[in-house]
Amino acid sequence: MKIFFYIIVFLLMTFSSSVQAKHVRVHLTAQEIERVKVIKRSIAEVDQKSLQQTITELENTDYPYLNLEIREAMAKTYVDIVKEQNVQGQHKKEWLYSMITLNMAYLQFTGQKDSVRGTQNLNKLIQYKLKEYLPSGIFNRPGFRCSLS
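Since we're looking at a predicted model, the values are computed, not measured. (Residues numbered from 1 in each chain as written. Predicted model: local features only at pLDDT ≥ 70, side-chain atom pairs only at ≥ 80, totals over all residues. Heavy atoms only, no water.)

(A) Just the nonpolar core, in detail. With 30 residues, the main nonpolar core has I70, Y78, L96, L130, L134 and F144 as its most contacted residues. With nine residues, the single largest contributor to this core is helix 4 (residues 64-84). Filtering out sequence-adjacent residues up to four positions away, L134 remains in contact with E69, I70, A73, M104, F139 and F144. (Core = buried A, V, L, I, M, F, W, Y, C linked by side-chain atoms within 4.5 Å. Buried < 20%, exposed > 50% of the residue type's maximum accessible area, 1.4 Å probe, protein only. Helix = DSSP H or I, 4+ residues; strand = E, 2+ residues; numbered from the N terminus. Contact = heavy atoms within 4.5 Å.)

Written out as structure tokens, the structure is:
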């Protein structure tokens, strides 16, 4: 049950609209929309949102470019692990993507620590791949770290 809580918290904090009155909606450029299309193609089997819905979610965040980079890292991690581990079946692929989402949330809540206490090898692999694909210095950029306080 904790896994779903962390996923919900991650999604709410990362992809929801800001409730601050001064939030200004940013529109993605054509190049950024192409990047979103690449992401969508990569995770199409586990992401049922439309392209427009994803673009709108990104544009409504306080840090759309940061969130685009995060989604790119998650998509690349997913593609790598599906290929390397020969993941078969819709249920297993959806579970894998939920684990990638959970691990990204873990990194955003705890920083660069190397793994969840008592973690399994899959979590270590996911975190390694995410760190490999996330841009250098992202852990120190405004908007990356999340806090419940």
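(B) View of the environment of Q90. If you trace the backbone, Q90 turns up in helix 5 (residues 90-110). Sequence separation between Q90 and V46 is 44 residues; the distance between their C-alpha atoms is 7.7 Å. Apart from the residues within four sequence positions on either side, Q90 is in contact with E45 and V46.

(C) Fine view of the pattern of salt bridges. Under the definition given, this model contains nine salt bridges. K93 is the partner of E45 in a salt bridge, and the nearest nitrogen-oxygen pair spans 3.3 Å. Of this pair, E45 sits in the loop between helix 2 (30-42) and helix 3 (51-59) while K93 is found in helix 5, placing the two residues 48 residues apart along the sequence. Judged by relative accessible area, which is 32%, E45 ranks as partly exposed. Of the charged contacts, one joins K129 and D80 as a salt bridge, the two residues approaching to 3.5 Å between their closest N and O atoms. Here K129 is found in helix 6 (residues 121-133), whereas its partner D80 is found in helix 4, with 49 residues between them in sequence. For K129, a relative accessible area of 7% puts it in the buried group. Residue class for D80 comes out buried when judged on its relative accessible area of 17%. Within this structure, K49, E57 and R71 form a network of salt bridges that share partners. (Salt bridge = Lys/Arg side-chain N within 4 Å of Asp/Glu carboxyl O.)

(D) Focus on the packing of aromatic side chains. On inspection of all chains with the given rule, the structure shows two aromatic pairs. Ring centres of Y78 and Y97 lie 5.7 Å apart, and the angle between their planes is 85°; this geometry places the pair in the edge-to-face category. Residue Y78 is found in helix 4, and its partner Y97 is found in helix 5; the two are separated by 19 residues along the sequence. The two residues Y78 and Y97 agree in class, both being buried. The interplanar angle of 70° and the centroid separation of 5.1 Å between the aromatic rings of F139 and F144 together place this pair among those described as edge-to-face. Residue classification places F139 among the buried positions, given a relative accessible area of 13%. Owing to a relative accessible area of 0%, F144 belongs among the buried residues under this scheme. (Phe/Tyr/Trp six-rings, centres within 6.5 Å; stacked < 30°, edge-to-face > 60°.)

(E) Fine view of the side chain of E32. You can see E32 is positioned in helix 2. Of the side chains with opposite charge, R35 lies nearest to the buried E32, which makes no salt bridge, at 5.0 Å. Within the structure, the side chain of E32 is placed 2.7 Å from the backbone nitrogen of T29, a separation counted as a polar contact. Ignoring anything within four residues of it in the chain, the contact list for E32 reads H27, Y65 and L68. (Lys, Arg positive; Asp, Glu negative; His and termini not counted. Polar contact = N/O pair within 3.5 Å; in protein donor to acceptor, adjacent residues only side chain to side chain.)

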